[in-house]
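Take a look at the letters that make up each chain.
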Amino acid sequence: MTENASAAEPLAADSAIAVVGMSGRFPGAPDLDTYWRNLLGGLCSVTDFTEEELIADGADPQEVRGRDYVPAKGHLAGADRFDAELFGFNRTEAAALDPQHRLLLETAWSALENAGRKPRGGAARTGVYVGGGVTEHMLAAQTDPRLAASIGALQVRILTDREFLAPWISYRLGLEGPSLTVQTACSTSLTAVHLAVQSLLLGECDTALAGGVAVDTVHKKGYVHHQGGIFSPDGRCRPFEERAGGTVPGNGVGVVVLRRLSEALADGDPVRAVIRGSAVTNDGATKVGFTAPGVDQQTAAIVEAWAAAGLDPADAQYLEAHGTATALGDRIEAAAASAAFKGALGTGRIGIGSVKSNIGHLDAAAGVAALIKSVLMLEHATLVPNADAGRPHPELGFEDSPFHLIERADSWPEPGSGPRRAGVSSVGIGGTNVHVVLEQAPPRGGTEAPDGPEVLLLSARTRADLDALAGRLAEALRAPDAPSLTDTAYTLRVGRAPMAVRGYVRAVDRAEAVELLAGLASGGAPAAGGPDALGGAWLAGEPVPEAETASVEGGGRRTALPSYPFAGESHGAYRLAPVGPAGEQAEAGGPAADLEQQIRALIAEALGLADADDPEMTYFAAGGDSLTAVHLVGCLRDEYGLDVPITLFLEQLTLHEMARRIMAVRDGDDSIDALLAEFEAE
């Protein structure tokens, strides 16, 4: 804690939660460094599309040219791209996998790396609490009979439904803690954070991932404005301002990594901020309608969260509000917040803002976008404004309230009564209100070990990714606030998943490391800086022994370093469109030369292969699993009348041999029955 923190505050460490890692992609910001620069500059990252752009991307020309169509959105560039092979998906699966799943997998990976923890094969007691929205891809995929015929209806649902967002992360990253997909509409991701906090405090997990994603479509798309509706008539969201006219939809994804503060401090984790308390309420029936917000329970959520923190709401210096810029929503939120922060009534000393002015309303990801913004402000000791900030709306009564609208970036001095503190609110349609109490991170204790000869171990899936990773790391070490070489080396050893393509840099200081990393990034030799025993073992594919992970002098600490440079290609997204006759696809494919070739083609399609002609390729090497086997057994029975035992797919057979065995079933060859009986006996 800081020097001027109250004596009671250290006692709260056992109930406090540390934010040790973060990752996100938001409109106009592919990473959090860009996100912060945009926030600091008060930029609006909502995109205004041209008519040509929208129509070229599949929008209905008649709708686009309508009088009430608003060609604006918080668009997330590259939302169709995915590093499928890194996560073990074949091409067919990757194309069917919902873009929300793809983005959340990559963001969870990056968040763990930001925390200095292995994104795969790390701590098993890691919980996952995430949520998402309904997507065009999901609806189109689940209503497309041709896709169901291709990979199986159950597989389509598992790859597209939002209820599997959390389990896919747990499965692909090997995380064995609780895994919950959360759904409370617009407050989803902040509710996920609250649940993760509770799980940590109850001891259900030791580390937790929490956040959300919202990608209703990867395509460029505006919206239709309706008089009296929630959407802005001009494509701009201006929370609490006199020009406010409604919200603007947006897409994005964000994940935070949480640990108990006492353990994070003991382990030397890079604590970015502290969650002191959180609470969730619901409006129940005490409001004018199901979609309307309510004052009393919004107030209760704030009061309960600060009570859980052992603090008074008046101890805050900033409130990151839900702030949709709708007339009813802003008025009710201002009234509820004023009642909760009544200890500061009439002072106007608590800043207020909403990130929706910068990026639009991110639906299920709105809360985590606001939380990450607030953590960044605490880290940089800077309050950032609403985008294109104007005067507050006179009907909100800010002149007699605890609040003032942040109009320009300003320093956030540490108050004399304690550390910097902020509240973050999120409200969902249906009445679920969430509030989280944030506090600046305690100063990192101890002194950094001096730079010395260190070996920086790098690995990636491809050489191109390795070069990109080396370039990112060189740029990070050039920064004025760059981590020490000791911490960098330590984090790369204990906080990264080892991959096949490897390289290392041996350097005596950061300047030399930057030079050698730049050379590696330009295609240089994978061993830079001279021979090294640890580096040589690393290049040979050997694991790094745990006893050697820390430097001899002074050890090392986890620190935030650039995350993996995902370089996946576009896997597109399904669109809602009229579906042709069921036999249309088969007819377009044309007849196959013979039945065995047709069976090979069926297997290849299910496995996402361009063809099944590789004589050495096995079913499991091609990504086959039991679920795909169930689908293939059904297709072979329904399309070819072949009753193939599912145990056939459990053998280590090449695809050619598998096709021949299936043909043997058709021909009544008893040898396959004998082989399967032998396999089952074993």
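All chains use their own residue numbering, which begins from 1 and follows the written sequence. Only residues with pLDDT of at least 70 get local features here, since the model is predicted, and only at 80 or more are side-chain atom pairs given and counted; chain-wide, interface and lining totals rely on the full set of residues. Derived side-chain values reflect all non-hydrogen atoms in the structure, with water molecules and hydrogen atoms excluded from consideration.

K.L.:
Can you walk me through helix 9 (residues 165-173) in this structure?
P.N.:
Throughout, exposure labels follow a simple rule: accessible area from a 1.4 Å probe, protein chains only, divided by the maximum for the residue type, with under 20% read as buried, over 50% as exposed, and the rest as partly exposed. A run of H or I in DSSP becomes a helix once it reaches four residues, and a run of E becomes a strand once it reaches two; helices and strands are each numbered from the N terminus. With seven of nine residues buried, helix 9 is to be regarded as a mostly interior element. Along helix 9, the positions that sit buried rather than exposed are L165, A166, W168, I169, S170, R172 and L173. Looking at the packing, one finds that the buried side of helix 9 touches helix 5 (99-114), strand 6 (126-131), helix 8 (153-160), strand 7 (179-181) and strand 8 (207-214). Immediately downstream of helix 9, the backbone of G174 shows phi near 70°, a positive value. Residues count as neighbours in contact if any of their non-hydrogen atoms are within 4.5 Å of one another.

K.L.:
Help me understand the packing of helix 21 (residues 595-607) against helix 22 (residues 626-640), please; the structure alone is not making it clear to me.
P.N.:
Look at helix 21 against helix 22: their axes get within 11 Å of each other, and the N-to-C directions meet at 145°. For the pair helix 21 and helix 22, the sense of crossing is right-handed. Between helix 21, through L595, Q598, I599, L602, I603, A606 and L607, and helix 22, the contact on the second element is made entirely by T628, H631, L632, C635, L636 and Y640. Residues are grouped as follows: Ala, Val, Leu, Ile, Met, Phe, Trp, Tyr, Cys and Pro are nonpolar; Asp, Glu, Lys and Arg are charged; all remaining types, including Gly, are polar. Its residues assigned to classes, the contact of helix 21 with helix 22 shows ten nonpolar, three polar and no charged. Interaxial angle, 0 to 180 degrees, is taken between N-to-C directions of lines fitted to C-alpha atoms, where a helix line uses only the stretch in contact. For any helix crossing, the convention is left-handed if the near helix is rotated counterclockwise from the far helix by under a right angle, and right-handed if that rotation is clockwise.

K.L.:
Can you help me understand empty space enclosed by the protein in this one?
P.N.:
Here the idea is plain: a probe the size of a water molecule rolls over the atoms and shows the empty space left. Think of a 1 Å grid over just the protein atoms. A cavity is a set of points where a 1.4 Å probe fits yet cannot get out, a pocket is an open set with protein on both sides within 12 Å along at least five of seven lines, and lining residues have an atom within 4 Å of a point. Grid points are joined across faces, edges and corners, and a volume is the space filled by probe spheres set on the points. For the coordinates displayed, the defined rule picks out four cavities of 30 Å³ or more. As for the largest cavity, its lining consists of T92, E93, I151, Q155, L159, A606, T628 and H631. Split into classes, the residues belonging to the lining of the largest cavity amount to three nonpolar, four polar and one charged. By volume, the second largest cavity amounts to about 50 Å³. Forming the boundary of the second largest cavity are L458, L469, L473, L492, R496, L561 and P562.

K.L.:
Could you clarify how one ought to interpret the packing of aromatic side chains in this entry?
P.N.:
Only the six-membered ring of Trp is used, alongside the rings of Phe and Tyr, when aromatic pairs are assigned; centres must lie within 6.5 Å, and planes under 30 degrees apart are stacked while those over 60 apart are edge-to-face, with the rest tilted. Tallying each qualifying case throughout the model produces 18 aromatic pairs. Arranged with centres 6.3 Å apart and planes meeting at 55°, the rings of Y318 and W412 form a pair that is tilted. A residue pair is termed long-range when its members are at least 10 positions apart, and Y318 in strand 12 (residues 318-320) and W412 in the loop between strand 16 (410-411) and strand 17 (421-427) qualify at 94 residues. In this pair, the class of Y318 matches that of W412, namely buried.

K.L.:
Please explain the sheet that holds strand 12 as it appears in this structure.
P.N.:
Strand pairing in a sheet relies on backbone hydrogen bonds. The paired strands run either parallel or antiparallel. Criterion used throughout: strands pair if DSSP finds at least two bridges between them. With mixed pairing, eleven strands are arranged side by side in an open sheet as 7-6-8-10-1-11-18-17-12-13-15. The open sheet has two free edges, formed respectively by strand 7 and strand 15 (403-405), since each of these has just one partner strand. On average, each strand axis in the sheet is inclined to that of its neighbour by 25°, with strand direction left out of account. Of the pairings in the sheet, the one linking strand 12 to strand 13 (residues 350-353) comprises three bridges and is parallel in character. Residue pairing in the sheet places Y318 in a bridge with G351 of strand 13. Along the sheet, helix 10 (residues 188-202) makes contact with strand 1 (17-25), strand 6, strand 8, strand 10 (252-260), strand 11 (273-282), strand 17 and strand 18 (432-440), crossing strand 8 at roughly 170°. In this fold helix 12 (residues 295-308) packs onto strand 11, strand 17 and strand 18, with an angle of close to 145° to the strand it touches most, strand 11.

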